[in-house]
Amino acid sequence: MDEMEEELKCPVCGSFYREPIILPCSHNICLACARNILVQTPDAESPQSSRASGSGVSDYDYLDLDKMSLYSEADSGYGSYGGFVSAPTTPCQKSPNGVRVFPPTVPQPPPQQHLLPQPGSLPPIPRNSCITCPQCHRSLILDDRGLRGFPKNRVLEGVVDRYQQSKAAALKCQLCEKMPKEATVMCEQCDVFYCDPCRLRCHPPRGPLAKHRLVPPAQGRISRRASPRKISTCTEHELENLSMYCVQCKTPVCYQCLEEGKHGTHEVKALGAMWKLHKGQLSQALNGLSDRATEAKEFLVQLRNSVQHIQENGVEFEACLVAQCDALIDALNRRKAQLLARVNKEHEHKLKVVRDQISHCTVKLRQTTGLMEYCLEVIKENDPSGFLQISDALIRRVHMTEGQWGKGTLTPRMTSDFDLTLDSGPLLQTIHQLDFVQMKVPAAPMLQLEECCTQNNSATLSWKQPPLSTITVDGYILELDDGNGGPFREVYVGTETICTVDGLHFNSTYKSRVKAFNASGVGQYSKTLIMQTSEIAWFTFDSASAHPDIILSNDNLTVTCNSYDDRVVLGNSAFSRGVHYWEMTIDRYDNHPDPAFGIARGDVLKDVMLGKDDKAWAMYVDNNRSWFMHNNSHTNRTDGGIGKGATIGVLLDFSRGLVIFLINDEQQGPVAFEGLEGVYYPAISINRNVQVTLHTGLPIPDFYTPGEADPAGSVC
C-alpha cells in the first residue's frame, strides 16, 4: 500500500486529504486548501467579464481562455460551478509539493454587512471568488454556494482514513488484564483482538468457535473501522438524499433535481444499478491496467538484470581492451628493439669503415712523409754522379706515390649521415583510426510468420533481426531441406530479408531456417519453419520460354500458334517427384493437323514437333490415329484420333518412372514411356490449325493405382 500513498495526498499542502472535495475537472483538493487558494476577481460578474479583463496569465503560463473548454449546463452538468477561466494575477507562495498557493483575498465588507459565521459553518466566501485547480490549472468562478457547491469525495476520505489506521501503532490484546500484549489475530465474528495466550485460553479452535474466521490485526482493524456506507445528500437540495444518476451529466441527483432542477429532461437511472455498473467497468479497466503493471514489473526485472549484465560485460570488455592495447604496445616495443638493432648495426658499420680508412690513410701518410723527407735529404747532397744514380728511381716513386693519393684515397668512404628514415606515418594514422569494430557474430534472425507462405510449389520466407540487436549484419543464408527429411542446402545468400523459392516439389513438407553473417563469422540459426507445398499441381503455360510464334491467352491457359510449322510451349512448373495428371481440351481443330502432347526437358527444341529430339517424350495424334515419339523414333501406332472438343490427358508417375496418355478419359495405347528420372516440364507442340486449353489441379484417374513413393527425390 506504500505505492498508493501519493494518491492520498493533497497537491497543495502535501499532506493526506482532509475533507476532500471534487473539482469539476475531477481532481481533488482539501476543503481548507481550497479556501486558501481562493482568489477574488476584480470584475467577475460572469466568465465573460473575467475573460475580458485580460490580466493574470503572466503568473500562471496557462492556456488562454479561448484554448480551454468551457463547461456548460448542457454538456457536463458543471454549470453550477461557473466556467473555467484564466487565473488572475496575485502574489503566490508554493506548497510542499511545489504548487502555487494563492493567499486568501478577503476584501473589506461593506459597512452595512457585518456577518459573523455560525458556529460549525464555513466563513462566508467573498463575492466573485475564483479557484484554480493546482493540477490541471483550470480556473472557475464560484457561484453563491461557494465551496459548498462542490461534492465531497467521501470514498477518498474513507480510503485515507483506512490507510492511516493501517499505519497506526500496533494493536493490543483486549483480554490481557495487566500490560496488554501485542495482538496477533482478530476474530471477525467476536470483533475482538487476541494475543496468542489469550487466543488459546479464550478462543480455542473447537466447537462453535472453530467456524470463526481469524485475520491479521491490520486487516481486522481496517474491516472493523470501515464505516458503514453513509447516505449522501444532494449539494443543491441538502435535505434530499441522492437516489438517481443523471447519465448525461454523469452525476448523482436527488428526486427534487428531477422535478425542479436542470436534470428534469435528462436520462436518469437507478443509483444502485449505475454503482454496480461503474464498479464493474472500473474492475474491468483495472484488469487491463494490472496486466500492464505485471508487464512493467517483469520489464523492470529484465532491466535490473541488464544492469548487472552490463556491469559484468563492461568489466570483461575493459579487461579485453587493456589486454589488446598491451599486446599492441608489446608488439611496438619488439619492433622498436628490432629497429634499434638495425640502427646500431649501421652505426658500427660506419665506424668500422671510417676507422679502416683512417688507419689506411695514416700508414700511407707516414710512408709519403718518409719519402718526402728522404728526397729532401737526397737533394741536399753535392755528389752529382751519386744523385743521378738514384734520381730517376726517386722521381718515379714520387710520381707513383702522388698517383696513389689521387685515386680517391682522400675521399671519405662513408658519410656521417644515417640514410635511414623511419616511416611512422601509416602507423600513426592507423593508431588514430584505431576504433571498435564488430566483434560478435549476429544474433539468430527471427522468422516473420505472418509473411511466410507457400503457393503452389513456391515458398516465400521473410525474416528480420531481433529488435534490440545492434550487431552489424553483412548478409543472410537461407537453407531448405529436400522436402523429404534430407539434409539442409543453401538456396539463397544475400542481403535481402525476404526470398521466394520456386520449383519445389508438390505435396511435400519442407523445413527452412536462416542465419546471418558478418566479418566476425556466421551466427546461430533461426527457429526451423515447416511449410507444406500444394497437394495438387496448378500450373499454366510459360510465356517466357515459349517460341515467339506461340500465342497465349486466358491467363496463359489457352494456346495457339501463328505459324503453319509446329512450335513448342512448356508449362511453368517442373516435376521430379510424385504422381501428376493434367488435361488439354481441343478448342479448334482445322485441316487435320497432328499436335503433340507430353513432357520435355527445359532445353528442348522449340521449333520442331515435340519428340523430334532426345529432350522430349510425346504422343502426336491426328483425326484417326496416334503415335508415341522420342528422339524422332515413332512407336505404338494406335487407332483413335481427336477432333474439336476432344480431351487429351497426360499421367506422369515418378514412383514407377512412366507416362501414360489418355484420349477422352480412355487410355490411348500401352504405357508410353518408362524409366523416367530427373526433371520434366509439361509440353505440347501445335501449329496455327489448333487451339488448346490447359486444365490442371486434377485428381488421378480412377482406373490408375499409383506405385510406392520414391524416397530419394531431388529438389527441382
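These numbers come from a predicted model, not from an experiment.

The next point concerns a nonpolar patch on the surface. On the surface, Leu-332, Leu-427, Leu-428 and Ile-431 cluster together into a nonpolar patch covering about 350 Å² of accessible area. Sort the elements by how many residues they give to the nonpolar patch and helix 10 (residues 425-432) lands first, with three residues.

Here we come to the pairing of strand 7 (residues 129-132). Burial along strand 7 is two-sided: Ser-129 and Ile-131 and Cys-130 and Thr-132, pointing in opposite directions, are all buried. As paired elements, strand 7 and strand 8 (residues 139-141) share three bridges and run antiparallel to each other. When the bridges of strand 8 are listed, Cys-130 appears paired with Ile-141. What sits between the antiparallel neighbours strand 7 and strand 8 is a turn of six residues, in which His-137 has the positive phi angle 65°.

Viewed as axis vectors pointing N to C, helix 8 (residues 271-379) and helix 9 (residues 384-405) meet at an angle of 155°, and their least axial separation amounts to 11 Å. Compared by their axis directions, helix 8 and helix 9 come out roughly antiparallel. Crossing geometry of helix 8 relative to helix 9 is assigned as left-handed. Residues Cys-361, Lys-364, Leu-365, Thr-368, Leu-371, Tyr-374, Cys-375, Val-378 and Ile-379 of helix 8 form the contact with helix 9, whose own contacting residues are Phe-387, Ile-390, Leu-394, Arg-397, Val-398, Thr-401, Gln-404 and Trp-405. Considering only residue class, the contact of helix 8 with helix 9 consists of 12 nonpolar, three polar and two charged.

Turning next to the pattern of salt bridges. According to the stated counting rule, one finds 13 salt bridges in the structure shown. As a salt-bridge pair, Lys-352 and Asp-356 come within 3.1 Å of each other at their nearest N and O atoms. Here Asp-356 and Lys-352 lie together in helix 8, a separation of four residues that amounts to about one turn. Across the pair Glu-479 and Lys-515 runs a salt bridge whose closest N-O atoms are separated by 3.9 Å. Of the two residues, Glu-479 sits in strand 18 (residues 475-480) while Lys-515 sits in strand 21 (residues 509-518), which places them 36 residues apart along the sequence.

Calculation criteria
Residues numbered from 1 in each chain as written. Predicted model: local features only at pLDDT ≥ 70, side-chain atom pairs only at ≥ 80, totals over all residues. Heavy atoms only, no water. Patch = residues over 30% accessible without salt bridge, like charges linked within 9 Å, V, L, I, M, F, W, Y side chains within 5 Å. Areas by Shrake-Rupley, 256 points an atom, 1.4 Å probe, with all protein chains shown as cover. Salt bridge = Lys/Arg side-chain N within 4 Å of Asp/Glu carboxyl O. Helix = DSSP H or I, 4+ residues; strand = E, 2+ residues; numbered from the N terminus. Buried < 20%, exposed > 50% of the residue type's maximum accessible area, 1.4 Å probe, protein only. Pairing = 2+ DSSP bridges. Axes fitted to C-alpha atoms, helices over the stretch in contact; angles between N-to-C directions. Parallel < 35°, antiparallel > 145°, perpendicular 65-115°, else oblique. Left-handed = near helix turned anticlockwise from the far one by under 90°. Contact = heavy atoms within 4.5 Å. Nonpolar A, V, L, I, M, F, W, Y, C, P; charged D, E, K, R; others polar.

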